[in-house]
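Structural characterization, general
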Amino acid sequence: MGSDVLAPSLVTVRTGDGDEGVVTSEPVAVFELGLGDSPIILVDVDNDGRHDVVRNKTFAFSKANGSFTDPDTIISGVPVGGSIWGHIDSDKTTDVAFISPEFGSVHTLLGKNGGGYREAVNTEYDGPDLDWRVFGDATGNGHADIVGLNIPVSGPGGDEHLSGVVMLVEGDGGGHFVTDDSRTIHLQERTVHITGGDFNCDSMIDIAIAISAPPHQGAVESNRVQVYLASDDGWEGPIDIKLPAPVHLAVGDVNGDGAHDILVANHYYNTVDGSLSDEGRPVVLLGKGDGSFDELTLESAAPVGYFGSIQAGDVNGDGLDDVLAGHMLPGGNSVSVWISSTAE
C-alpha cells in the first residue's frame with residue numbers, strides 16, 4: 001500500500017442538520033485563555049468524547065453543538081508550570097502533570113470516571129524547565145514517563161536558542177515521577193522542538209528532535225531531525241535525517257500502515273539548484289516501523305511563507321491522519337490542509 005497526500009484544499013464539513021459547508025476564516029469562538037505565550041492544547045479534559053481547549057490551567061470546554069463554555073480555571077492551588085496531558089494511570093481517564101522547577105515539584109492530577117480529579121500527587125523535582133514535553137513509556141516498564149526538551153536561551157531579548165538537553169522524568173504509574181539522569185541527552189546544536197511516537201513498533205516512546213540554525217548563522221547545512229529509539233537500557237541513536245530548516249514536529253499515521261510518521265514544518269526550502277528559498281515546505285517522514293523513514297515533501301499552495309507549526313489529525317473521518325500546517329505570510333497568516341489517502 002502506498003501513500004498519496006493531496007494538495008492543500010478547503011475542508012468539507014457537515015453541520016448537525018446534514019448541510020454541507022466549508023471551513024471559513026471566521027472563528028466560531030474568540031476568548032482570552034491563560035497567560036503568556038504557552039501553547040494551546042486540544043484534549044478531552046472532562047472525558048466526554050470531545051476535545052476541550054486548554055492553556056496552562058485555564059479551560060474552555062467544548063459543547064455538543066460545537067461552541068465552548070466561558071474560560072474557567074478549574075484547577076486551583078497548582079504551581080504554574082509546563083503541563084502535559086495523557087494517561088498516567090490505567091483507568092483511561094485524562095490525567096495531567098504540571099512540571100514546576102520554580103517550586104521544585106511535579107504536581108499530578110489523576111482524572112476520575114465521570115469527570116473531575118482525585119487528590120493531587122506531588123513529587124520533588126530538581127531539573128530544569130521542560131519547554132516541550134511528550135508522554136509515553138520510555139523505559140519498558142509499562143508506566144507513562146515524561147520526556148522533555150530544555151532549550152536554554154541567550155541574547156538581549158532572550159530569543160537566541162542554544163544547545164538543548166533532553167531529560168527523562170520516570171513515572172511509577174500512580175502519579176509519582178523521578179528524574180532519570182542516566183537517560184539525559186546533551187545536544188550540541190541549536191534545538192527547537194521535540195515530539196514522540198513509537199517509530200519501531202516496540203510499544204515504547206521514541207523521540208524526534210528538530211535541530212535548526214537560523215540562516216544568518218550560516219550553519220543551515222547541519223539542519224536535521226534526530227531520532228532516538230527507546231530501549232530498556234537507554235536511548236539508541238541518533239538517526240540523522242537532513243532537512244532544510246525543521247522548526248516544529250508532530251506524529252501521526254498518514255498512510256494507515258500502523259507505523260508512526262513524523263510531520264515536519266520547515267521554515268525554508270532548498271531549491272533544485274541548492275539555494276535557500278523563502279518558501280517553506282512541510283515534509284512527512286513516512287515511518288517503516290523499524291526506525292527508518294521515507295521522505296515525502298508536500299507541495300504548498302502558499303506563494304511565500306515560513307511554515308512554523310504542524311499537526312496531524314483526521315479531519316474528514318476516513319481513519320487516516322491528515323496534515324495541517326500553519327505558515328506566516330506577508331498578507332496574513334493561514335493554515336494549509338493536506339488530505340491523506342491510500343493508493344494501491
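Residues numbered from 1 in each chain as written. Predicted model: local features only at pLDDT ≥ 70, side-chain atom pairs only at ≥ 80, totals over all residues. Heavy atoms only, no water.

1. Brief notes about the pattern of salt bridges
Following the criterion strictly, the structure yields six salt bridges and no others. We note a salt bridge from aspartate 89 to arginine 118, for which the minimum N-O separation is 2.5 Å. Pair noted here: aspartate 89 is in the loop between strand E8 (82-86) and strand E9 (95-100) and arginine 118 is in the loop between strand E10 (105-109) and strand E11 (121-124), with a separation of 29 residues, a long-range link. The class for aspartate 89 is buried, based on a relative accessible area of 15%. The partner of aspartate 240 in a salt bridge is arginine 224, with the nearest N and O atoms 3.0 Å apart. Of the two residues, aspartate 240 is situated in strand E20 (residues 234-242) and arginine 224 in strand E19 (residues 224-231); the sequence distance between them amounts to 16 residues. What makes arginine 224 buried here is its relative accessible area of 14%. (Salt bridge = Lys/Arg side-chain N within 4 Å of Asp/Glu carboxyl O. Helix = DSSP H or I, 4+ residues; strand = E, 2+ residues; numbered from the N terminus. Buried < 20%, exposed > 50% of the residue type's maximum accessible area, 1.4 Å probe, protein only.)

2. Details of the nonpolar core
Formed by 18 residues in total, the largest nonpolar core has its most connected members in Val147, Val166, Ile207, Ile209 and Trp235. Among the secondary structure elements, those contributing two or more residues to this core are strand E13 (145-150), strand E16 (163-171), strand E17 (177-197), strand E18 (206-211) and E19. Setting aside its immediate chain neighbours within four residues, isoleucine 209 contacts Val166, Leu187, Thr191, His193, Ile194, Arg224, Val225, Gln226, Tyr228 and Leu249. (Core = buried A, V, L, I, M, F, W, Y, C linked by side-chain atoms within 4.5 Å. Contact = heavy atoms within 4.5 Å.)

3. Digging into the side chain of arginine 224
There is a polar contact of 3.0 Å between the side chain of arginine 224 and the side chain of aspartate 240. Those residues in contact with arginine 224 that lie beyond four places of it in its chain are Glu189, Ile209, Ala210, Ile211, Asp240, Ile241, Lys242, Leu243 and Pro246. (Polar contact = N/O pair within 3.5 Å; in protein donor to acceptor, adjacent residues only side chain to side chain.)

4. Overview of the sheet that holds E9
With antiparallel pairing, the four strands of this open sheet are ordered in space as E8-E9-E10-E11. Strands with a single pairing partner mark the edges of an open sheet, and in this sheet they are E8 and E11. Within this sheet the neighbouring strands show an average axis-to-axis angle of 20 degrees, counted without direction. Alignment of E9 against E10, held across five bridges, turns out to be antiparallel. The partner of isoleucine 99 across the bridge, within E10, is valine 106. (Pairing = 2+ DSSP bridges. Axes fitted to C-alpha atoms, helices over the stretch in contact; angles between N-to-C directions.)

5. Quick notes on the pairing of E10
Among the five residues in E10, five count as buried, and that is most of the element. Burial along E10 is two-sided: Ser105, His107 and Leu109 and Val106 and Thr108, pointing in opposite directions, are all buried. The turn linking E9 back onto E10 is made up of four residues, and glycine 104 within it adopts a positive phi angle of 65 degrees. One ladder, built from four bridges, connects E10 with E11; its direction is antiparallel. Within the sheet, the bridge partner assigned to threonine 108 lies in E11 and is valine 121.

6. Some thoughts on the pairing of strand E21 (residues 246-252)
Among the seven residues of E21, six are classified as buried, and the element is accordingly described as predominantly covered. Bridge count for E21 against strand E22 (residues 261-266) is six bridges, and the pairing is antiparallel. Residue alanine 250 lies in a different strand from E22, and its bridge partner there is leucine 263.

7. Focus: the environment of valine 134
On the secondary structure map, valine 134 appears in strand E12 (residues 132-136). Residue class for valine 134 comes out buried when judged on its relative accessible area of 10%. Residues valine 134 and glycine 196 lie 62 residues apart in sequence; the distance between their C-alpha atoms is 6.0 Å. Those residues in contact with valine 134 that lie beyond four places of it in its chain are Ile84, Asp145, Ile146, Val147, Ile194, Thr195, Gly196 and Ile207.

8. As for the sheet that holds E13
Spatially, E12-E13-E16-E17-E18-E19-E20 is the arrangement adopted by the seven strands of the open sheet, whose pairing is antiparallel. Two strands close off the open sheet at either side, each with one partner strand: E12 and E20. Averaged over all adjacent pairs, the angle separating strand axes in this sheet is 25 degrees, with direction ignored. Two elements, E12 and E13, share five bridges in a ladder whose sense is antiparallel. Bridged to phenylalanine 135 within E13 is isoleucine 146.

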